[in-house]
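# Architecture and fold: a report
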Amino acid sequence: MDANVLKILDKFSRVANDPNGAAKAWKEATGGKVVGTFAMHFPAEVVHAAGALPVLLQSDEEQITEGHGGMYPFFCGYTRSLVDQNIKGKFDYLDCIMFGDHCVQLLSAADVIRIQNPSLHVGFYQLIPALKDNWSFENAERTLIRLKEAIEGKLGATISDDSLRNSICVFNKNRQLIRRLYELRRDRRIRLSAVHMQAILKSSMVMDKAEHNSLLAELVASLERNPVDPTADGSVPLYLSGHLCHATKPRILELIESCGATVVDDDLYHGFRYVSIDAAESGDPIKSLTSWYLDRNTVVPCPTRLDPKVDWDGWLLEAVKKADASGLVVLMPKFCEPHYFSYPRIKKTFEAAQFPHLRLETEHEFNAYEGMRVRVESFLEMIKHRQAMAAV
Amino acid sequence: MTIIASSAETRIKPSTDKKSNRLQVTKLNNKMVNEYWQSLFQAPQEGKLVCWYEGIQMNPFLQAADIAWCHGEAAAALLAARKEEGPSQKVAEEAGYDRELCSYARTHAGCAVMRTESGTPETMGGANPKELSLAERIPAPDMIISAYPFCSTGQQWDETIYKIYGKKVPIFNISMPWIWGNEPSSKYMSGPEFRESVAFMVKQLKECIAFIEEQTGKPFDYDKLSEIMAYTKKAAQLRMEAKALCKVKPSPANFFEWTNSIAPVNFLPGGQEIVDYYAKKKAEIQERIDAGIGSVPVEKYRLFWDGIMNWNKIGYLSDKFANYDACVVSGRYTHLGFWQDYQVIDVDDPIEGMAMNFLTCPISVSAPQMIERIIDHCEEYSIDGILLHGARTCRAFSYPQFLIADAVGKRLGMPVAMFEGDMVDESFYKDELINSRVEAMLEQIDAKKGRWV
């Protein structure tokens, strides 16, 4: 990799490793306001259009300690980490939190946060989880109007249609540049580790989008100038799926690739899922974002949304084949119920197609890394053996 | 119970020979419940359509349309109460449904997997339905209605059932808003956010009626809905009045009695029977008050149960607390839900009032409002301590319990006992842990009341 690529990746990695610190630094440098948001489908464009920095609050690498006093251990690592960070004052730099996703564990964490930190306003504008009912559009549009009004009120700003359209364009640009990286990776034209890819996505959720776009454009151009086949070393191309709202531990991503695999595609939230669809840049911007939300499932199905006609498992099998991956690794955060509901169908579909897949359960802490390594190594051996047999 | 007190040790030791004093009328509840399940098992033979649903009480709508219904939680609770939950949970786990998934959903999904794999009683080679397990006797759905308050798992559960049945069963979804309270104007059952949510619920319920009409091919009978809701409203009123009688000391009925009799206001058909049941229950409670009879032999402690019930432990827990001389007087699950605000239902036009009740059920109200209601309730019922049952696979019910513990401790000086369990998965229940937590709490209550001096 050339020096410029490494420099940009280093910048993204530093933000990804300390998202609260990066957002705080932005606030100190600009004097602007920062709005925390939660995964998964929040239209952060509305915050951006108010001149504030939307920051998607991340799961913290730090071990959960004080947070245990606010949340039972049988909640997912993301929500427990959010509560832990809040108790430790790590969100004190925020001007408010706004979110819209209907997930029982996320809502629970948000309720705990607002009671434990009464000075931090937490606004919830419920995005209808049913995407294709006759009233879905009307309801989602009304919710976004309420959200816009609330952000204007809390930040003392006015959001014009033009500013919102401009934000949509900035966000689209960001998504398009990242999708370009995915395309290059899928086509085996660039070498970007799974950890670097995550850093790109995670920093996009935190940094000022214009700055991120500028760095991304440079990165894409540099990588395009120096194509390289990352699987030329004989590593096994894998597809990663899961982690619907928070980042997989970088150590797990490193572990997978260190066993002799190359991640060539994914549907992770800190991955392709986050950038999968753009919003219309003309017309009524609220309607545009409403459609953006309601149509997300058609591009990458999300099991937290209700759309009975769409099957994540069937879509996933096609996506894995399209990426020409040799195996699927399902990364399932412990206690993630939407993923628990979906997994049996994924298992069934991949077994029926005789396509290799491995389920790895991940936790915020206490991941048995060495056990995980043995499982990944065995999985890769099995794939290679199968390929060798097929070649005979 | 004996109290051992010495300079080195102060311990509460439960007795072992006491039993809670069960209400006679509960037998009538059990009879009604049995009759309901029998009628559901026979529904296909009688040519009735069957609807599966979870969450809020959609049964009045189904009853008005002459559709039989299976409430998913009720089915799972039935299996657990009869110690028959094991096979369906095993089938679900073998199909890949994780043990940490909502045990109601897992048990119910297991029933669906069993049915889709082994067929219906009619297609099981003439198997005698009486020889089938309870799970196998639950008829397959002809339609699914999804209407879950707060818990996103509910909608995903219904979608899972829909997919287990190969997407061949029509499904109707109601998206329930959660009353978050973005503005200070948002109060319990009032404020613009609540009104907007009620309007949205009413719209969806009316659409759901159109869906029901589509399934039956008949116009919906609104008069029948009014009639059903008139019975339901009266039953709910009698139930609330009967519960209010238990503010006296000793309390004539306990939380476990109210748990046992949730069915008439949850999923039994609305009719004169449920009105008569609560009238009799109220009368028996009044008789006990007149005779000074309590629900436990000795009522030294009055407790509140927060969280959902261990359905396979009702009788056991009822006696356990009797042996601690403790009466679990009330609970969030039983006392703050199930047509709890019956008075807002206009029986001539009941849908809006039904929606208002659905939106204020015990998990549909966010913590700030819920905590205020619990604090008021504890004061009204002279509660000494709170049991916080963290149902491991019911995050919706369990999440606010640290907040509740903190609030009642700070504002009422009330001790709590937190412990884990589950609704219908017995493996999460740890008896000795509960003993030690409960005993510690009772000691705190004694200390607070100066009983050790």
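Everything discussed here concerns the structure shown above.
Just so we're clear, the structure is a prediction, and the values are computed from it rather than from any experiment.

## Some remarks on the overall build of chain B
A count of helical and extended segments in chain B gives 18 helices and 10 strands. Radius of gyration (C-alpha) of chain B: 22 Å, near the 22 Å computed for a compact globule of 453 residues. When the 453 residues of chain B are sorted by exposure, 64% land in the buried category. Here the contacts in chain B between residues at least 6 apart in sequence split such that 78% fall between residues at least 24 apart. Element-wise, carbon and sulfur atoms account for 51% of the exposed surface of chain B, whose accessible area totals about 15800 Å². Both charge centroids of chain B, one from 50 positive and one from 60 negative side chains, sit 4 Å from each other.

## What about the interface of chain B and chain A?
If you look at the interface, chain B gives 55 residues, while chain A gives 57 residues. Of the roughly 4700 Å² buried at the junction of chain B and chain A (both faces included), carbon and sulfur atoms supply 58%. When the area that chain B buries against chain A is broken down by residue, the three leading residues are B:Trp180, B:Arg395 and B:Phe402, summing to 16%. At the junction of chain B and chain A, the tally comes to 7 salt bridges.

## Some thoughts on the sheet that holds strand 6 (residues 171-175) of chain B
For sheets, the rule is that strands pair by backbone hydrogen bonds, running either parallel or antiparallel. All names here are of chain B. A sheet is described by the order of its strands in space; here 4 strands give the open sequence 4-3-5-6, paired in parallel fashion. If you trace the sheet from one side to the other, it starts and ends with strand 4 (68-71) and strand 6, each paired once. Adjacent strand axes in the sheet meet at a mean angle of 20°, parallel and antiparallel pairs treated alike. Inspection of the sheet shows strand 3 (residues 50-55) paired to strand 4 by 4 bridges, in the parallel sense. Paired with Tyr 53 across the strands is His 71, a residue of strand 4. This element, helix 7 (residues 152-164), spans strand 3, strand 5 (143-148) and strand 6 of the sheet and lies at about 170° to strand 5. Packed on one face of the sheet, helix 8 (residues 192-216) meets strand 5 and strand 6 and runs near 170° to strand 6.

## With respect to the sheet that holds strand 7 (residues 301-306) of chain B
Residue and element names in this part refer to chain B. Spatial strand order, 8-7-9-10: 4 strands in an open sheet with parallel pairing. Because the sheet does not close on itself, it has two edges, and the strands there are strand 8 (326-331) and strand 10 (416-421). Across the sheet, the mean angle from the axis of one strand to that of its neighbour is 30°, orientation sign disregarded. Strand direction decides the pairing type here: strand 7 and strand 9 (residues 385-391), joined by 4 bridges, are parallel. Each residue of the ladder has a partner; that of Leu 303, found in strand 9, is Gly 385. In the packing of helix 15 (residues 367-380) onto the sheet, the strands contacted are strand 7, strand 8 and strand 9, and the crossing angle to strand 7 comes to about 160°.

## Thoughts on a negative patch on the surface
Among the surface-exposed residues, B:Asp346, B:Asp348, B:Asp349 and B:Glu352 lie close enough to one another that they form a single negatively charged patch. Tracing the backbone shows B:Asp348 in the loop between helix 13 (332-335) and helix 14 (351-358).

## Overview of the pattern of salt bridges
Taken as a whole and judged by the stated rule, the model has 55 salt bridges over all chains. Between A:Asp311 and B:Lys167 there is a salt bridge; the shortest N-O distance is 2.6 Å. With A:Asp311 in the loop between helix 11 (285-299) and helix 12 (312-322) and B:Lys167 in the loop between helix 7 and strand 6, the pair connects residues from two separate chains. In this structure A:Asp311 comes out as partly exposed when scored by relative accessible area, which is 27%. Under the relative-accessibility criterion, B:Lys167 is labelled partly exposed at 28%.

## Focus on the pairing of strand 6 of chain B
Residues and elements named next belong to chain B. Strand 6 sits mainly inside the fold: 4 of its 5 residues count as buried. Relative to strand 6, strand 5 is paired through 5 bridges, and the arrangement is parallel. Paired with Tyr 148 across the two strands is Ser 175, which belongs to strand 6. Handedness of the crossover is the feature at issue here: the chain leaves strand 5, passes through helix 7, returns alongside strand 6, and the resulting connection is right-handed.

## Topic: the environment of A:Ser378
Residues and elements named next belong to chain A. As for its placement among the helices and strands, Ser 378 is situated in helix 14 (residues 369-391). Its relative accessible area of 41% is what places Ser 378 among the partly exposed residues. Separated by 174 residues in sequence, Ser 378 and Ser 204 have C-alpha atoms that sit 34 Å apart.

## Points about unusual backbone geometry
For the bond running from A:Ala39 to A:Met40, omega is 20°, close enough to zero to count as cis. Among the structural elements, A:Met40 can be located in the loop between strand 1 (34-37) and helix 3 (45-49). Of note, the bond from B:Lys249 into B:Pro250 is cis; its omega dihedral lies within 30 degrees of zero at -5°. Positive phi outside glycine occurs at B:Asp66, with the angle close to 60°.

## Some thoughts on helix 6 (residues 136-155) of chain A
Residue pairs three or four apart in sequence face the same way in an α-helix, which turns once every 3.6 residues. In this model helix 6 of chain A runs 28 Å from its N-terminal to its C-terminal C-alpha over 20 residues, within 8% of the 28 Å that 1.5 Å per residue would give. Contacts from the buried residues of helix 6 of chain A go to strand 1, helix 3, strand 3 (96-99) and helix 11 of chain A together with helix 8 of chain B. Looking one or two residues past helix 6 of chain A, A:Gly156 carries a phi angle of roughly 65°, positive in sign.

Here is what the cut-offs are and how they apply
Residues numbered from 1 in each chain as written. Chains lettered and ligands numbered in written order. Predicted model: local features only at pLDDT ≥ 70, side-chain atom pairs only at ≥ 80, totals over all residues. Heavy atoms only, no water. Helix = DSSP H or I, 4+ residues; strand = E, 2+ residues; numbered from the N terminus. Rg over C-alpha atoms; globule rule 2.2 N^0.38 Å. Buried < 20%, exposed > 50% of the residue type's maximum accessible area, 1.4 Å probe, protein only. Contact = heavy atoms within 4.5 Å. Areas by Shrake-Rupley, 256 points an atom, 1.4 Å probe, with all protein chains shown as cover. Lys, Arg positive; Asp, Glu negative; His and termini not counted. Charge placed at Lys NZ, Arg CZ, Asp CG, Glu CD. Buried area = accessible area lost by both parts, 1.4 Å probe. Salt bridge = Lys/Arg side-chain N within 4 Å of Asp/Glu carboxyl O. Pairing = 2+ DSSP bridges. Axes fitted to C-alpha atoms, helices over the stretch in contact; angles between N-to-C directions. Patch = residues over 30% accessible without salt bridge, like charges linked within 9 Å, V, L, I, M, F, W, Y side chains within 5 Å. Right-handed = clockwise from strand over helix to strand, strands pointing away. Expected span 1.5 Å × (residues − 1).

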